[in-house]
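As a plain string of letters, each chain reads:
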Amino acid sequence: MESRVMGLVLVLCAGASALDNGLMRTPPMGWLAWERYRCDIDCDSDPKNCISERLFMAMADRLAEDGWRELGYVYVNVDDCWSSMDRDADGRLQPDPRRFPAGMAALAQYVHQRGLKLGIYADLGTHTCGGYPGTTLDRVQTDAQTFAQWGVDMLKLDGCYSNSTEQEQGYPLMSKALNETGRPIGYSCSWPAYQGGLPPKVNYTQLGEICNLWRNYDDIEDSWSSVLSIIDWFSDNQDVLQPAAGPGRWNDPDMLVLGDFGLSVDQSRSQMALWAIMAAPLFMSNDLRTLSPEARAILQNKAIIAVNQDPLGTQGRRIVKEKSGVEVFWRPLSQGASALVFFSRRTDMPYRYKTTLGQLNYTAGHYQAYDLFSSQSVPSLSESVPFTVSINPSGVVMWYIYPAKLLGEEQDLGGVYPNFRRKYRLRPQNHPQPPPFLL
Ligand code: GLA
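Residues numbered from 1 in each chain as written. Predicted model: local features only at pLDDT ≥ 70, side-chain atom pairs only at ≥ 80, totals over all residues. Heavy atoms only, no water.

1. Concerning the packing of aromatic side chains
- Per the stated rule, a full pass over the model turns up 20 aromatic pairs.
- Judged by centre distance (6.0 Å) and plane angle (50°), the ring pair of Phe-147 and Trp-150 falls under tilted. Taken as a pair, Phe-147 and Trp-150 lie in helix 6 (residues 140–150) at a separation of three residues, close to a single helical turn.
- We classify Trp-150 as buried; its relative accessible area is 15%. (Phe/Tyr/Trp six-rings, centres within 6.5 Å; stacked < 30°, edge-to-face > 60°. Helix = DSSP H or I, 4+ residues; strand = E, 2+ residues; numbered from the N terminus. Buried < 20%, exposed > 50% of the residue type's maximum accessible area, 1.4 Å probe, protein only.)

2. What about the nonpolar core?
- Trp-31, Tyr-73, Trp-82, Leu-155, Met-272, Trp-275 and Met-398 are the most contacted members of the largest nonpolar core, which totals 113 residues.
- Setting aside chain neighbours within four positions, we find Tyr-73 in contact with Met-29, Gly-30, Leu-63, Trp-68, Leu-116, Met-272, Leu-282, Met-284, Leu-299 and Ile-305.
- Of all hydrophobic cores here, the second largest spans 19 residues; its members include Phe-342, Tyr-367, Val-389 and Trp-399. (Core = buried A, V, L, I, M, F, W, Y, C linked by side-chain atoms within 4.5 Å. Contact = heavy atoms within 4.5 Å.)

3. Side note on the site of the ligand
- Around the ligand, the surrounding shell consists of Trp-34, Asp-79, Asp-80, Tyr-121, Cys-129, Gly-130, Lys-156, Asp-158, Arg-215 and Asp-219.
- In the environment of the ligand, an oxygen atom lies 3.2 Å from a nitrogen or oxygen atom belonging to the side chain of Arg-215.
- Within the side chain of Asp-219, an N or O atom sits 2.6 Å from an oxygen atom of the ligand.
- Summarising the interface, the protein chains cover 90% of the accessible area of the ligand, which totals 310 Å² for the free molecule.
- Here the residues of the shell around the ligand sort into three nonpolar, one polar and six charged. (Near = heavy atom within 4 Å. Polar contact = N/O pair within 3.5 Å; in protein donor to acceptor, adjacent residues only side chain to side chain. Areas by Shrake-Rupley, 256 points an atom, 1.4 Å probe, with all protein chains shown as cover. Nonpolar A, V, L, I, M, F, W, Y, C, P; charged D, E, K, R; others polar.)

4. Brief notes about the confidence of the model for the protein chain
- On average, the protein chain scores 91 in pLDDT, and the residues at 70 or more come to 88%.
- Note on residues 1–18: pLDDT is under 50 here. Beyond four places in sequence and across chains, it has four contacts.
- Here residues 406–432 is modelled with pLDDT under 50, and outside its nearest four sequence neighbours on either side it reaches 40 contacts, counting other chains as well. (pLDDT = per-residue confidence, 0-100.)

Now the structure itself:
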């Protein structure tokens, strides 16, 4: 009897050892090498851009010195092609000695000294997608321990060169192995992306228990068509994806490519706004040394970051999809606030989209709105008052909205100011002043 009880206790403990690392209560933010630097290992002819400790140190410097860290962009993440082609004599992964001569522990230290965190990449399989040594099931524990010893803060575990059975075992196993190191290590799983991203193959409940974030879909590329295809897939499947996200567990539509070569300024704003609405991790993959002022302003927009980082952690949804090419996205935020993104897929001219808050499912009442790109207040709105937003081709208008409260029953200020007859005085319900990030 007693041993049966013990058995039960053990089973319960095993259940509780699911990922419970307290990390990433809001979507993680930082910088990730892959989209911009790929597998450029040619340090002889391209020393500034090749995958080497110099690149990551340079990006850490920029994150720490150019105002990124204070905004929350704290991860400096290594992707594929960092390792040597061989494990060391003890079977441990080791960095390429020419490109990372000081080693990964030294890089982690460099990053930590600047108040930042280091992320690394591995692949559950025989090889990484780029052909470097993989983490087969028998290596999971060793690799988790190696990363912890180096002082790594996050792991992206890719899924090339493994089958679905190995993935089913390996992703939970790595979660457990990371926990057992005792070091808090954020865990990004590419598992669902290798299983088509949708149930029944993908179990989002389980993912939320073992991973902090997960790649659901294709790799992003530096083009508007790539960004659009990601927006499409995530919106078309939002009924499945949206409930899966929450504090500590995020869908990952992949890196921010704005600041690179493929997106116009309006398209860059669209990526930023929609990633904020989707509660997506914000990993920039660009060159922080040469970023344009326009891209920097978009990526450093405090109000949009605050929407992305809202503590409620509820992922937004597409709530309107019009034949005209206009779509509206909505995300509920803490303190009764919300964000709206009006998005145009049109390719002609700025489109004047007319609607009411009532048509966008807002309940009866008065609201205060702010335009997050122009930093302008929008005149007070009630749910039935039509308004018009002008949306640029492949661009967005983004609003932060909160309810305003009637002060009294039909307060008529006409008696006090004879020329100023107004029935209502409006006062914000939850924010006596505009939220601090808007000031
Ligand atoms: C896969 C991943 C990418 C990147 C590459 C590296 O394609 O989805 O994000 O990590 O592998 O080879």
